[in-house]
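Reading the structure
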Amino acid sequence: KQGTVVTDAAGKRLIQWTVSFDVPTNKEYTNCTLKDTLPYQQIDDELYSDSYIEGSEQISGLLDGENYEIDPYATSDGKNELTVKFYYMENGQKKMNLKVSDQARKIQFTYLTEPNEKWLANSNVLTNKSHKNSATISARGQNLTKEATVELYENNPDITKDAEAFTSNKKSIIIKKGD
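Residues numbered from 1 in each chain as written. Predicted model: local features only at pLDDT ≥ 70, side-chain atom pairs only at ≥ 80, totals over all residues. Heavy atoms only, no water.

Describing the confidence of the model for the protein chain
When pLDDT is averaged along the protein chain, the result is 84, and 84% of the positions lie at 70 or above. Scored below 50 in pLDDT, residues 156-161 shows 6 contacts in the model against residues more than four places distant or in partner chains. A low-confidence stretch, residues 172-176 (pLDDT under 50), is modelled with 7 contacts involving residues beyond four sequence positions or located in other chains. (pLDDT = per-residue confidence, 0-100. Contact = heavy atoms within 4.5 Å.)

Some remarks on the packing of aromatic side chains
Aromatic ring pairs are defined here through the distance separating the ring centres and the angle between the ring planes. Under the defined criterion, the tally for this structure stands at 3 aromatic pairs. Centre to centre, the rings of F21 and F86 are 5.9 Å apart; their planes meet at 65 degrees, and the pair counts as edge-to-face. Pair noted here: F21 is in strand 2 (residues 13-23) and F86 is in strand 10 (residues 80-90), with a separation of 65 residues, a long-range link. Its relative accessible area of 6% is what places F21 among the buried residues. Taken together, the aromatic side chains of Y52, F109 and Y111 make up a single cluster linked through ring pairs. Sitting over the face of the ring of Y87, K94 holds its NZ or CZ atom 4.5 Å from the ring centroid. (Phe/Tyr/Trp six-rings, centres within 6.5 Å; stacked < 30°, edge-to-face > 60°. Helix = DSSP H or I, 4+ residues; strand = E, 2+ residues; numbered from the N terminus. Buried < 20%, exposed > 50% of the residue type's maximum accessible area, 1.4 Å probe, protein only. Lys NZ or Arg CZ within 6 Å of the ring centre and 35° of its normal.)

A look at unusual backbone geometry
Its identity as a non-glycine residue notwithstanding, N91 has a phi of 55 degrees, on the positive side. For N91, the position within the fold is in the loop between strand 10 and strand 11 (93-95). The exposure class assigned to N91 is exposed, which follows from its relative accessible area of 76%. Of note, R140 is a non-glycine position whose phi angle comes to about 55 degrees, a positive value. For R140, a relative accessible area of 43% translates into the label partly exposed.

Comments concerning the side chain of K79
Considering the arrangement of structural elements, one finds K79 in the loop between strand 9 (66-74) and strand 10. Side chain to side chain, K79 and Y40 meet in a polar contact 3.5 Å long. At a separation of 3.4 Å, a polar atom in the side chain of K79 contacts the side chain of D77. Not counting the four nearest positions on each side in its chain, K79 is found in contact with Y40, L47, S49, Y73 and A74. (Polar contact = N/O pair within 3.5 Å; in protein donor to acceptor, adjacent residues only side chain to side chain.)

So, in structure tokens, the structure goes:
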């Protein structure tokens, strides 16, 4: 699991997330799903959550005939999540599995999220800057959870300095104002 800040064509900052998992040789991954809790932050009793950008996903490592469904949704407490369900068709039936293969492979799911504007407006280099993403891969009755964090903030604290010229013991000390 990893995240990177990227910029779209309009100059807007987005976060690109990548989740990878290995599928070993000769193993069918039954009921294979990826559940991702998108970054969120509680600020002054408000919950701010980043949003999934629909259609931004790229998935590699699938075999011929394997496919996926993505279901983005908001939880009852206001967090944004998405679930990716992997499947293939067999005899007209949808099997919610990844196929058996005679070669080990890596599934990689990459997608974009849009940082919450109010969260960014309340962030700076010192506070509310961490966008932590948590993803759980489930298959064969087992779960594996990984997290990644990206630091992103809108406001930097203003650093200013001011000085004055003064005379001491008849020696003039001159200090320039400004940067």
